[in-house]
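# Examining the three-dimensional arrangement
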Amino acid sequence: MKKINFNKLKVRKIITRVLILAVIVIAGFSFFKRSTPAQETMDIMTSSAIIGKVESVISGTGTLSPANQYEVKSLVKGEVLKAPFEEGNTVEKGELLYQISTSEIENSIKSAEIGVEKAELNYQDYLDKKDGLQITAAESGYIKKLYIKVGDTLQAGKTIADIYNEDVMYIELLFPSYEAKKSWVGKTASVIMDATQEVVKGEVTEVSSMEETMDGGILAKKVTIRVKNIGGIKAGDTAEVSIGDISGYNIGTFRAETETSIVAQTEGKIESLSVKEGQWITKGDKILSISSKDLDSQIESAELGITEAELSLETQKDQMKRYTIESPISGQIITKNKKQGDTIDPTSDTQSGPMAIVYDMSYLTFQMNIDELQISSIKEGQKVSITTESFPEDTFVGVIDRISLKGDTNNGVTNYPVIVKVEKFGNLLPGMNVTGKIIIDEADDVLIIPSSALQRDNIVYVKSSEVVQNDDPTIPEGFVPVTVKIGINDGSNVEIKEGLKEGDVVYVPFDTTVEMTENYYGY
């Protein structure tokens, strides 16, 4: 039998008891810790001051629309003869979309043309009758003598008036044939008045091609000189003329530019007289009218008949234009609801919608509604950054095209419609929803920190290696308050102009509304 060593058993018992006691102590300490409120630890977020870009923006959403769109509708009834396009086709302005049968309107136009011809013949008939009832001036000039009065009865061949115009006088003389040339026309002539020996200036208006033989066998040509009468020259006065150093052979006699008589060509009683002695009249002016009783009203009625017939014809021609439907804009066909062979009837087709729809895709637009407090910060031509969930990786650029002055007020807040124009729209399509950001101010290559790092407007808590005892419990341990000068604040980042340097670590209060980026890290 093996011998039991009681001394060893005693040691083992002591060791076992010590281990049991240790477990009890540890368990008690753990229970004490669980039963005693532990000091709460604060989550500390920080960020480094870095060189970057900051922008102040105004955002808004909208739905893209084409630059222009047009619904093709017909105003006339008929069969579609041509419809040479399909949905998705690109068309140019003025390109044929639909040709509708014109057989019915062509007959209406022919009938209207005949109506105009009849009205014109009727009117001309009355005018011919009246031509003999009105006497007009055959020349321009002054009424020197009037031989008739209202109520007189005219006889064919009777002189009505003498017309005279001496504002311009003409004189004709013979000059040596070998000297007188066509090149003289327009040259200045010296005219010596016989009665006063006064010299006036004239202008050569004509050199005759025909030679005349004077006494002694001298050959001469007739030269006509025009003289503006500034007063003192009358018909019958005589004068000598020289052109350069060439003198005329004879003495010429002045004649007035106009000196004629108006003679009656028809008979009748003078109903009205339109002139008086001493009055200036122009060729074609009315002198008098002979009574015609109902002729004037007949002429007026016939003239109205022409107007009515012409309007009817023009209306029919305008209708003809409606049978050819052209694209009013350049763009893309979005829908085509009528095809060749279909019958068009505007009355019954109203409910079925347009025949086709064309989009002008030269650019896209969308409307942003800008708050009244921000509208003064934007202007036409300003750039707009555009994003859409349809293409989350892409950013497009537009410009503010129009700013409406008519705001929309709702719940005491007024928004103003702002139209954004997008010329380089890539894969964007009408109907897509987009978000536009208007850059109000921006700064690049500047020192920035998260906006949420600002404390009390311009205070930032900066990490410091120096041991600082803060009385303010809101300042994390190891950080010191620093006053900074800020610049642009876009709501996410803020520009720091003074107070920090690149690499400084700042305290950022934890904010679940702030999207964490690589610039943030836990401390």
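Secondary structure summary: the chain contains 3 helices and 35 strands in total. Across the 523 residues of the chain, 34% fall into the buried class. For the chain, long-range pairs separated by at least 24 residues make up 73% of all intrachain contacts whose partners lie at least 6 apart in sequence. When the accessible surface of the chain is summed, it comes to about 32600 Å², and 49% of that surface belongs to carbon and sulfur atoms.

Our next topic: helix H2 (residues 103-131). In a regular helix each residue adds 1.5 Å, so 29 residues correspond to 42 Å; H2 covers 43 Å between its end C-alpha atoms and thus fits that length. Of the residues making up H2, those classed as buried are Ile105, Ile109, Ala112, Val116, Ala119, Tyr123 and Tyr126.

Moving on, we come to the environment of Gly252. Position of Gly252 among the secondary structure elements: in strand E16 (residues 252-263). If we skip the residues at most four places from it in the chain, Gly252 touches Ile171, Glu172, Leu173, Asp237, Thr238 and Ala239.

Strand order in the open sheet formed by 4 strands is E20-E6-E4-E22, with antiparallel pairing between adjacent strands. Of all strands in the sheet, those bounded by a partner on one side alone are strand E20 (324-326) and strand E22 (343-344). Sheet analysis places strand E6 (residues 96-100) next to E20, joined by 3 bridges and oriented antiparallel. Residue pairing for E20: Gln99 is matched across the bridge by Thr324.

Across the chain, pLDDT averages 84, with 88% of residues at or above 70. Within the chain, strand E13 (residues 219-228) carries the highest mean pLDDT (95), whereas helix H1 (residues 6-35) carries the lowest (40). In this model, residues 18-42 is a region of pLDDT below 50 whose contacts with residues beyond four sequence positions or in other chains number 1 contact. Here residues 512-523 is modelled with pLDDT under 50, and outside its nearest four sequence neighbours on either side it reaches 24 contacts, counting other chains as well.

In this fold, Glu179 is placed in the loop between strand E10 (159-176) and strand E11 (188-193). The spacing of Glu179 and Lys221 is 42 residues in sequence and 9.0 Å in space, taken between C-alpha atoms. Among all residues touching Glu179, those that are not within four sequence positions of it are Trp184 and Ile246.

So, on to the sheet that holds strand E9 (residues 153-154). Ordered by their spatial adjacency, 4 strands build an open sheet running E7-E19-E17-E9, and the pairing between neighbours is antiparallel. Both edges of this open sheet fall to strand E7 (134-136) and E9, since each of them pairs with a single strand only. Bridge count between strand E17 (residues 268-273) and strand E19 (residues 286-290): 3 bridges; the pairing is antiparallel. In the sheet register, Ser272 faces E19, and the bridge partner there is Ser289.

Moving on to the pairing of strand E1 (residues 45-48). Residues in a regular strand point their side chains to alternate faces of the sheet. Along E1, one buried face is formed by Met45 and Ser47 and the opposite face, lined by Thr46 and Ser48, is buried too. Examined bridge by bridge, E1 and strand E34 (residues 505-508) share 4 bridges and lie antiparallel to one another. Of the residues in E34, the one forming a bridge with Ser47 is Val506.

Across all of its chains, the model carries 5 aromatic pairs by this definition. Between Tyr142 and Trp280 the ring centres are 5.0 Å apart and the planes differ by 75 degrees, which places this aromatic pair in the edge-to-face class. Of this pair, Tyr142 sits in strand E8 (residues 141-146) while Trp280 sits in strand E18 (residues 280-281), and the two are 138 residues apart along the sequence. Its relative accessible area of 34% is what places Tyr142 among the partly exposed residues. Relative accessible area serves as the criterion here: at 37%, Trp280 is assigned to the partly exposed category. Each ring, one from Phe175 and one from Trp184, has its centre 5.5 Å from the other, and the planes form 90 degrees; the classification is edge-to-face. For Phe175, a relative accessible area of 0% translates into the label buried. Since its relative accessible area comes to 6%, Trp184 is described here as buried. The structure contains a cluster of three or more aromatic residues connected by ring pairs, namely Tyr461, Phe479 and Tyr507. Between Lys144 and the ring centre of Tyr164, over which it is positioned, the NZ or CZ distance is 4.5 Å. It is Lys421 that lies over the ring of Tyr363; its NZ or CZ is 4.3 Å from the centre.

Each value, and the rule that gives it
- Residues numbered from 1 in each chain as written.
- Predicted model: local features only at pLDDT ≥ 70, side-chain atom pairs only at ≥ 80, totals over all residues.
- Heavy atoms only, no water.
- Helix = DSSP H or I, 4+ residues; strand = E, 2+ residues; numbered from the N terminus.
- Buried < 20%, exposed > 50% of the residue type's maximum accessible area, 1.4 Å probe, protein only.
- Contact = heavy atoms within 4.5 Å.
- Areas by Shrake-Rupley, 256 points an atom, 1.4 Å probe, with all protein chains shown as cover.
- Expected span 1.5 Å × (residues − 1).
- Pairing = 2+ DSSP bridges.
- pLDDT = per-residue confidence, 0-100.
- Phe/Tyr/Trp six-rings, centres within 6.5 Å; stacked < 30°, edge-to-face > 60°.
- Lys NZ or Arg CZ within 6 Å of the ring centre and 35° of its normal.

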